[in-house]
Amino acid sequence: MTIGNLELSILWPAFLAGLLVLATHVPLGQQVLNRGIVFIDLAIAQVAGLGVTAADAFGFEPEGWRVQVAAVSAALIGALLLTWTEKKWPEVQEALIGVLFVVAACIELLILANNPHGGEHLKDLLVGQILWVSVKNLIPVAGLYAAVLLLWFTLRARLGRAGFYLLFALVVTQSVQLVGIYLVFASLIVPALAAKRFSERRRLGVGYAVGLVGYVAGLVASSLFDMPTGAVIVVSLLAAFVGAVIISLAIPAGSRAATGAA
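Computed from a prediction, not measured in an experiment: that's the story for all the values here. (Residues numbered from 1 in each chain as written. Predicted model: local features only at pLDDT ≥ 70, side-chain atom pairs only at ≥ 80, totals over all residues. Heavy atoms only, no water.)

As for the packing of helix α8 (residues 200-225) against helix α9 (residues 229-250)
So, point 1. The interhelical angle for the contact between α8 and α9, taken along N-to-C directions, is 135°, at an axis separation of 7 Å. When the interaxial angle is binned, α8 and α9 end up oblique. Here the hand of the crossing between α8 and α9 comes out right-handed. Where α8 abuts α9, its residues Val210, Gly211, Val213, Gly214, Tyr215, Ala217, Gly218, Leu219, Ala221 and Ser222 lie against Thr229, Val232, Ile233, Ser236, Leu237, Ala240, Phe241 and Ala244.
So, point 2. The class makeup of the residues in the contact of α8 with α9 is 12 nonpolar, six polar and no charged. (Axes fitted to C-alpha atoms, helices over the stretch in contact; angles between N-to-C directions. Helix = DSSP H or I, 4+ residues; strand = E, 2+ residues; numbered from the N terminus. Parallel < 35°, antiparallel > 145°, perpendicular 65-115°, else oblique. Left-handed = near helix turned anticlockwise from the far one by under 90°. Contact = heavy atoms within 4.5 Å. Nonpolar A, V, L, I, M, F, W, Y, C, P; charged D, E, K, R; others polar.)

Set out below in structure tokens:
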């Protein structure tokens, strides 16, 4: 089915993938912003990507279970490491997150140095291939995300530092393979930043709204103008962020505070 240049058979699975990513990334992103560890998603995503790259170097099938095990294992090791560093050196946690990201990225580049398809592989990890996802492949991801959301909204106060990092690692590992590192970062941070200007009561809803508008606009625009989908969605998320900021400025500060206290 086509409307102009819109291939709905392709856009529909991509839209579902975007919804799944937003479902977990909006609440987790707000927690990341509150903790002041903004670049944790980039670091964990890069470590997960390193696991995928290493598995590929060993000749494992890209869609096979061994690659998934390698990606999840790498991300969990990274998460446990960051849990330990936050406990030992909380004052430099953000810097340590940045070091982890750079080291993981450099090791990945070294692995890909002699790979004739290394550039293409790296591009896929960074910008993703959201248009190539299938509904069938989204089913296990939806199950995982549903379990994570259930734990998050029912046991968040009991999860602690380690629980947060482990859930975060599981989610980001899957999201990187769906939409790429850049879009994972944008999905976590941009809606959270947009919602920050609103009352606490409204933040989750505002975050989801900004993410939804960004993904829909990005998918439609990339299809109409034949541009890279992941990059267009990131720009669209920024545009949705600007719109949310403008709306927040139109709401009197007193009204926002009153709404939050209600």
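What about the environment of Val32?
So, point 1. Of note, Val32 is situated in helix α1 (residues 8-35).
So, point 2. On the accessibility criterion, Val32 (1% relative accessible area) is buried.
So, point 3. C-alpha separation for the pair Val32 and Phe164, spaced 132 residues apart in sequence, amounts to 9.7 Å.
So, point 4. If we skip the residues at most four places from it in the chain, Val32 touches Ile37, Val38, Ile40, Phe164, Phe168 and Ile189. (Buried < 20%, exposed > 50% of the residue type's maximum accessible area, 1.4 Å probe, protein only.)

Here we look at α8
So, point 1. An ideal rise of 1.5 Å per residue puts 38 Å on 26 residues; α8 measures up with 37 Å between its terminal C-alpha atoms.
So, point 2. Following α8 by one or two positions, Asp226 adopts a phi angle in the positive range, close to 55°. (Expected span 1.5 Å × (residues − 1).)

What to know about unusual backbone geometry
So, point 1. One non-glycine residue with positive phi stands out, namely Asp226, at about 55°.
So, point 2. Among the structural elements, Asp226 can be located in the loop between α8 and α9.
So, point 3. We classify Asp226 as exposed; its relative accessible area is 71%.

So, the packing of aromatic side chains
So, point 1. In total, this model carries five aromatic pairs according to the counting rule given.
So, point 2. Joined through ring pairs, the aromatic side chains of Trp152, Phe164, Tyr165 and Phe168 make up one cluster. (Phe/Tyr/Trp six-rings, centres within 6.5 Å; stacked < 30°, edge-to-face > 60°.)

Brief notes about the confidence of the model for the protein
So, point 1. When the pLDDT values of the protein are averaged, the result is 84; 89% of them are 70 or greater.
So, point 2. Of all helices and strands in the protein, the one with the weakest mean pLDDT is strand β1 (residues 2-3) (46), whereas α8 scores best (93).
So, point 3. Taken together, the stretch residues 1-5 has pLDDT below 50 and engages in eight contacts with residues farther than four places along the chain or on a different chain.
So, point 4. Low pLDDT (under 50) marks residues 258-262, which in the prediction has six contacts with non-local residues, meaning those over four places away or in another chain. (pLDDT = per-residue confidence, 0-100.)

A look at the nonpolar core
So, point 1. Membership of the largest hydrophobic core comes to 54 residues, with the highest contact counts inside it found for Ile40, Ile44, Phe164, Phe168, Leu178 and Tyr215.
So, point 2. Where this core is concerned, the elements lending two or more residues are α1, α2 (40-57), α3 (65-88), α4 (93-112), α6 (135-179), α7 (181-195), α8 and α9.
So, point 3. Residue contributions to this core peak at 15 residues, all from α6.
So, point 4. Apart from the residues within four sequence positions on either side, Phe164 is in contact with Leu28, Gln31, Val32, Arg35, Ile37, Ile40, Trp152 and Leu159.
So, point 5. Ala194, Val206, Val210 and Ala244 belong to the second-largest nonpolar core, a separate cluster that totals eight residues. (Core = buried A, V, L, I, M, F, W, Y, C linked by side-chain atoms within 4.5 Å.)

As for the environment of Gly218
So, point 1. Within the secondary structure layout, Gly218 lies in helix α8.
So, point 2. Residue Gly218 is classed as buried on the basis of its relative accessible area, which comes to 0%.
So, point 3. In sequence terms Gly218 and Ala239 are 21 residues apart; their C-alpha atoms lie 10.0 Å from each other.
So, point 4. The contact partners of Gly218, leaving out residues within four places of it in the chain, are Val232, Ile233 and Ser236.

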